[in-house]
Amino acid sequence: MHVLLPELDREARAPLAAQIAGFYVRAIDEGRMRVGDRLPPIRTIASACDVTRATVQDAYKQLADQGLVEGAVGRGTTVLPQKHAAGAGPVASARTLSPYAEAALRRSQDMVGAPPLPPGTPLVANFAELAPDAERFPVDAWRGAMDAVLQQRGAELLGYGYAHNGLPELRAMLAERSREIDPTLTGDDVLVTAGAQQALDLVLRTFCAGGDTVVVAAPCYHQMHGLLRAHGLNVVPVPFTAQGLDLAQLERALVRRQARLVYLTPTFHNPTGRTLDLAQRRALLEIVGRTGTPIVEDEYQTSLRTRGEPLPTLRSLDPRGLTVTVSTVSKDLFPGLRIGWIAGSQDLLRPMAAVKRFMDLETSPLLQAALVEFVRNGHFDRYLTALRGELRLRHAALQDACRAQLPAGCSVTDPDGGFVAWLELPEPGHGERLADLAADRGVRVVPGRLFDLHGLPSRGVRLSLTRADRQQIHNGVAVLAAQCRALLAAPVPGRAFV
Ligand SMILES: Cc1ncc(COP(=O)(O)O)c(C=O)c1O
């Protein structure tokens, strides 16, 4: 039998026992270990990974505490059935979780972002947060919009709105504002959701069943990984690199795995900031056209373009009507509104609207109406223009600093907008090492491992520019460049096993 052994990163902050436990959690989650499979004997892992038996025992205890495995004398440690499975026991406990909740719980414990600064370390630059900078929010203008709509139609807006697809005036407005990238979109093709995250969940709930395969551009937005796992879907990653999306690999995955969906972020991709150019958009549509596969495109910050012409959405280029576009105001306005939307042909929106209705009845009519008012008064565009201007300067500052300071062998993406860029080093594992070393010196970055489907060591780190002004970018890159040089001078330790 093939023995699955964890690969440990000795320089990472995560304790070795947690790394071992995390490895087997993912193996169980992803179906590489099944019910009844035996975990390797403690001594095997201890000797293969060069750790003490107590460390492995601790890892196995963590797995047992989560109800994933059971140890028995003479039988070793085996994978348990999920508690909900038929025949698992006569009476489900009141605390028995659904498969969705179990997977969500495991994934949320598994997501480790930017390492914190050690106590007392002064902050040099925060490149970690993807949320927009709250200091810039036009709070008074928003309050004005809320006051205005409450005054005009307060009683109505504080009741149920019975507009399950969203307020018609907001849907028409969102379609109008998307005209440049999706010229034929109308309000009838828009379904308002609680942010892009609910929209993504809604697509999966409506069109996928557990065990289906979804192809994603990798690296991939980590909360989408969590969501795909929670839905019990098999995920096939296809590399999205400096050369673009690997379309040959994508086609092979679609054909061999009979994928149900493709998910990608074609513009200012999270975490790399890359954008799929027009030729690649067309080529992708030709491929999915041959296999009949629908696409979910996540245009989470497309209006934050700082240079170049806007690119058409995949939806607008898809003659089949089998692409849906997920959008949000979380990045170009406030995430606290929890307003996003799905654009798609009406035959796709209808079942999604029915599913959503039973999830939340509707998205807040009050907040939708205030958003319409805020846009009509020009506040949204004023805020957006200022934000884009600042982002343009910050991206330029990042490129200048990286050009001047990064050592050979390291590179940074040069996005046409959005909040993020991706700094890459030569070896897998360098990303996590850099994140730890930078934190010790006051710089916060998110290690690339978070965006890897299997949580494997990464070459890169994500740099977000929402919280770092130009001076902090300059100083932060100086720290990162010095640590890159240190890393290139020393091999990455602790990567001996597969
Ligand atoms: C790629 C991507 N999609 C979707 C979302 C979720 O956005 P929302 O706040 O609209 O739910 C995020 C949030 O960071 C994101 O990065």
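Cut-offs applied
- Residues numbered from 1 in each chain as written.
- Predicted model: local features only at pLDDT ≥ 70, side-chain atom pairs only at ≥ 80, totals over all residues.
- Helix = DSSP H or I, 4+ residues; strand = E, 2+ residues; numbered from the N terminus.
- Rg over C-alpha atoms; globule rule 2.2 N^0.38 Å.
- Buried ≥ 20, exposed ≤ 12 C-beta atoms within 10 Å, placed from the backbone.
- Contact = placed C-beta atoms within 7 Å.
- Domains from an automatic or database assignment.
- Core = buried A, V, L, I, M, F, W, Y, C linked by C-beta atoms within 7 Å.
- Axes fitted to C-alpha atoms, helices over the stretch in contact; angles between N-to-C directions.
- Parallel < 35°, antiparallel > 145°, perpendicular 65-115°, else oblique.
- Left-handed = near helix turned anticlockwise from the far one by under 90°.
- Nonpolar A, V, L, I, M, F, W, Y, C, P; charged D, E, K, R; others polar.
- Near = placed C-beta within 6 Å.
- Pairing = 2+ DSSP bridges.
- Arc of directions from axis to C-beta.

Asks: It is not clear to me how the overall build of the protein should be interpreted in this structure. Could you clarify?
Replies: A count of helical and extended segments in the protein gives 16 helices and 16 strands. Relative to the globule expectation of 23 Å for 498 residues, the C-alpha radius of gyration of the protein, 24 Å, shows essentially globular dimensions. When its C-alpha atoms are laid out on the principal axes, the protein stretches across 70 × 60 × 45 Å. Evaluated residue by residue, the protein yields a buried proportion of 44% over its 498 residues. Summarising the internal contacts of the protein: among those between residues at least 6 apart in sequence, 73% fall at separations of at least 24.

Asks: I would appreciate a short explanation of the domain arrangement of the protein in the present structure.
Replies: Many descriptions give the size of an interface as the accessible area lost when the pieces come together. For the protein, the assigned domains read domain 1 (16–103), domain 2 (125–130 + 382–489) and domain 3 (139–377). Between the C-alpha centres of domain 1 and domain 2 there is a distance of 36 Å.

Asks: How do you make sense of the nonpolar core when you look at a structure like this?
Replies: Membership of the largest hydrophobic core comes to 106 residues, with the highest contact counts inside it found for V215, I342, L398, L434, V445 and L463. Looking at this core, the element that brings in the most residues is helix α14 (residues 379–405), giving seven residues. Looking at which domains feed residues into this core, each of domain 2 (125–130 + 382–489) and domain 3 (139–377) supplies at least three. The residues touching L463, leaving out its near neighbours within four places in the chain, are F127, L398, V420, A421, L423 and V445. Counting residues in each nonpolar core, the second largest holds 19 residues, with V25, C49, V56 and V69 among its members.

Asks: In this structure, what is going on with the packing of helix α6 (residues 168–177) against helix α13 (residues 365–376)? I would like to understand it.
Replies: When two helices pack together, their arrangement is given by the angle between the helix axes and by the axis-to-axis distance. Two elements in contact, α6 and α13, have axes whose closest approach is 9 Å; the angle formed by their N-to-C orientations is 45°. Considering the angle they form, α6 stands oblique to α13. Two packed elements cross with a definite hand, and for α6 against α13 that hand is left-handed. Contact residues: E169, L170 and M173 in α6; Q368, L371, V372 and V375 in α13. Here the residues of the contact of α6 with α13 sort into five nonpolar, one polar and one charged.

Asks: How should the site of the ligand be read in this particular structure?
Replies: Of all residues adjacent to the ligand, which total 13 residues, the nearest are G195, A196, Q197, T328 and S330. In terms of residue class, the shell around the ligand is built from five nonpolar, seven polar and one charged.

Asks: I tried to follow the pairing of strand β10 (residues 323–328) on my own but got confused; where do I start?
Replies: Successive side chains on a regular strand alternate, one facing one side of the sheet and the next facing the other. Counting buried residues in β10 gives six out of six residues, a clear majority hidden from the surface. By the alternation rule, side chains of β10 split into T323, T325 and S327 and V324, V326 and T328, which are all buried. Direction of pairing for strand β9 (residues 295–298) relative to β10: parallel, over a ladder of four bridges. Within the sheet, the bridge partner assigned to V296 lies in β10 and is V324. Sheet topology places β10 next to strand β11 (residues 340–343); four bridges connect them, and they run antiparallel. Of the residues in β11, the one forming a bridge with S327 is W341.

Asks: Is there a simple way to explain α6 in this structure?
Replies: The periodicity of an α-helix, 3.6 residues per turn, causes residues three or four positions apart to be oriented the same way. Along α6, the residues classified as buried are L170, R171 and L174. Down the axis, α6 shows its buried residues gathered within 100° of arc, on one side only. Buried residues in α6 make contact with β4 (190–193), β11 and α13.

Asks: Even after reading the chapter, I still don't get unusual backbone geometry, so can you show me in this structure?
Replies: What is expected of a backbone is that most residues other than glycine have negative phi and most peptide bonds are trans. Put simply, A218 and P219 share a cis peptide bond, and its omega is 0°. Take P219: it is sitting in the loop between β5 (213–218) and α8 (222–230). The step from N270 to P271 runs through a cis peptide bond, and the omega angle for that step is 25°. Mapped onto the secondary structure, P271 falls in the loop between β8 (261–264) and α10 (278–291). One non-glycine residue, Q258, lies in positive phi territory at about 45°. Along the chain, Q258 falls in the loop between α9 (247–257) and β8.

Asks: For this particular structure, what's the right way to read the packing of helix α7 (residues 195–207) against α8?
Replies: Packing of α7 against α8 leaves a shortest axis separation of 11 Å and a crossing angle of 30°. As far as their axial angle goes, α8 and α7 are roughly parallel. Considering only the axes of α7 and α8, their crossing is right-handed. Contacts between α7 and α8 involve Q197, L200, D201 and L204 from the first element and Q223, M224 and L227 from the second. Looking at the contact of α7 with α8 residue by residue, the class counts come to four nonpolar, two polar and one charged.

Asks: Explain the sheet that holds strand β12 (residues 411–412) to me, please; I cannot follow it from the model alone.
Replies: Working definition: the strands of a sheet are paired by backbone hydrogen bonds and lie parallel or antiparallel to each other. Overall, antiparallel pairing links the four strands, which are arranged β12-β13-β16-β15 in an open sheet. Among the strands making up the open sheet, the edge pair consists of β12 and β15 (446–447). In this sheet, strand β16 (residues 460–464) lies alongside β15 in antiparallel orientation, the contact comprising two bridges. Looking across to β16, one finds that V446 is bridged to R462.

Asks: Can you help me understand the environment of T291 in this one?
Replies: Within the fold, T291 resides in helix α10. According to the C-beta neighbour criterion, T291 is partly exposed, with 14 such atoms within 10 Å. In this structure the C-alpha to C-alpha distance between T291 and N270, which are 21 residues apart in sequence, comes to 26 Å. Contact partners of T291, with chain neighbours within four places excluded, come to L254 and V255.

Asks: Even after reading the chapter, I still don't get the environment of T466, so can you show me in this structure?
Replies: Within the secondary structure, T466 sits in the loop between β16 and α16 (470–489). As a C-alpha pair, T466 and D133 span 333 residues in sequence and 5.7 Å in three-dimensional space. Setting aside its immediate chain neighbours within four residues, T466 contacts E129, L130, A131, P132, D133 and F419.

Asks: Before we go on, may I ask you to explain the sheet that holds β4 in this structure?
Replies: The sheet built from eight strands is open, its strands ordered β4-β11-β10-β9-β8-β5-β6-β7 with mixed pairing. Strands with a single pairing partner mark the edges of an open sheet, and in this sheet they are β4 and β7 (244–245).

Asks: What is the right way to read α8 from this model?
Replies: Burial of α8 is extensive: seven of the nine residues sit out of reach of the surface. Buried within α8 we find H222, M224, H225, L227, L228, R229 and A230. Following α8 by one or two positions, G232 has its phi on the positive side, about 70°.

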